[in-house]
Amino acid sequence: MSFRRFSIFLLFASTMIFAVSCNRPAGTPHEAAELLTAVPQWKIEEIVVNDAVTFKDGKMTQQFGGIDFQRYMETVQVKKDGVFSGIFKGESTPFLLKWQVNDQNITIGASEGSGKGEWIVRPDDVRKDSFIMKTQSTAYDYPRMTTIALKFKAGK
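These remarks concern the structure in this document. Throughout this description, residue numbers start from 1 for each chain and increase along the sequence as written. It should be noted that, the model being predicted, local features are given only for residues of pLDDT at least 70 and side-chain atom pairs only at 80 or more, the latter also being counted only at that level, while totals for whole chains, interfaces and linings use all residues. With hydrogens and water excluded, all non-hydrogen atoms of the structure serve as input to the side-chain values.

In this section: the pattern of salt bridges. By salt bridge we mean one thing: a side-chain nitrogen of Lys or Arg within 4 Å of a carboxyl oxygen of Asp or Glu. Tallying each qualifying case throughout the model produces eight salt bridges. With a closest N to O distance of 3.8 Å, Lys-151 and Glu-45 form a salt bridge. Here Lys-151, found in strand E11 (residues 146-154), pairs with Glu-45, found in strand E1 (residues 42-49); they are 106 residues apart in sequence, far enough to count as distant. Burial classes: relative accessible area under 20% of the type maximum marks a residue as buried, over 50% as exposed, and values in between as partly exposed (1.4 Å probe, protein chains only). Given the relative accessible area of 28%, Glu-45 is considered partly exposed. Salt-bridge contacts for Lys-56 lead to Glu-46; the nearest nitrogen and oxygen are separated by 3.0 Å. Of this pair, Lys-56 sits in strand E2 (residues 52-56) while Glu-46 sits in strand E1; the two residues are ten residues apart in sequence, bridging distant segments of the chain. Relative accessible area serves as the criterion here: at 39%, Lys-56 is assigned to the partly exposed category. Here Glu-46 falls in the buried class, since its relative accessible area comes to 16%. Where salt bridges share partners, they join Arg-122, Asp-124, Asp-125 and Lys-134 into one cluster. Helix and strand definitions here come from DSSP, where helices need a minimum of 4 consecutive H or I residues and strands a minimum of 2 consecutive E residues; each element is numbered from the N-terminal end.

Structure, rendered in structure tokens:
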């Protein structure tokens, strides 16, 4: 009887460890880059502006006094050659940016590399089926700082 309980416990424990390890975040920027480039296409799942959800389940939610986004990338691709390609809602021509791996994260920005308007992807925000890219800017509501987080899920 004791052996049977132990076997059931061992089976349960290994199943839980496997389930948790399958959806763990990336540990390094290089591991995050591998996960991002492994998925052929990412789809927008959620937009968060100043900690308020403004887009979820394919619908915009109006925030009183908040910033309203009508133009956003519905799908993106993170290509191995350093190209970040996104298709804006209602458009068919890809918008191209550049991504690169740094010591602590991945940055996405203009191909000129001006350093302004960059998006940051932290390794702990990347999983095999989702990732989050974030930015801060005064461009949306000057002079106030706006924080934006875009959550993408793996496309099917």
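Let's shift gears to helix H2 (residues 29-38). When H2 is considered as a whole, its buried residues turn out to be Pro-29, Ala-32, Ala-33, Leu-36 and Thr-37. Across the axial projection of H2, the buried residues extend over an arc of 125°, all falling on one side. Set apart from the buried face of H2 by more than 90 degrees, the exposed residues are His-30, Glu-34 and Ala-38. By construction, the arc corresponds to the directions joining the helix axis to the C-beta atoms.

Only buried residues count toward a nonpolar core, which is a set of Ala, Val, Leu, Ile, Met, Phe, Trp, Tyr and Cys residues joined through side-chain atoms within 4.5 Å. Ranked by internal contacts, the top residues of the largest apolar core, which has 28 residues, are Phe-84, Phe-131 and Met-133. Dropping the residues within four chain positions of it, Met-133 is found in contact with Phe-84, Ile-108, Trp-119, Ile-120, Val-121, Ile-148, Ala-149, Leu-150 and Phe-152. Throughout, a residue-residue contact means that at least one pair of heavy atoms, one from each residue, lies within 4.5 Å.

To continue, consider unusual backbone geometry. In this model, Tyr-142 is joined to Pro-143 through a cis peptide bond whose omega is 5°. On the secondary structure map, Pro-143 appears in the loop between strand E10 (130-137) and E11. Its identity as a non-glycine residue notwithstanding, Asn-50 has a phi of 50°, on the positive side. Here Asn-50 lies in the loop between E1 and E2. By relative accessible area, which is 40% here, Asn-50 ends up partly exposed. Despite not being glycine, Asp-57 shows a phi value in the positive range, around 55°.

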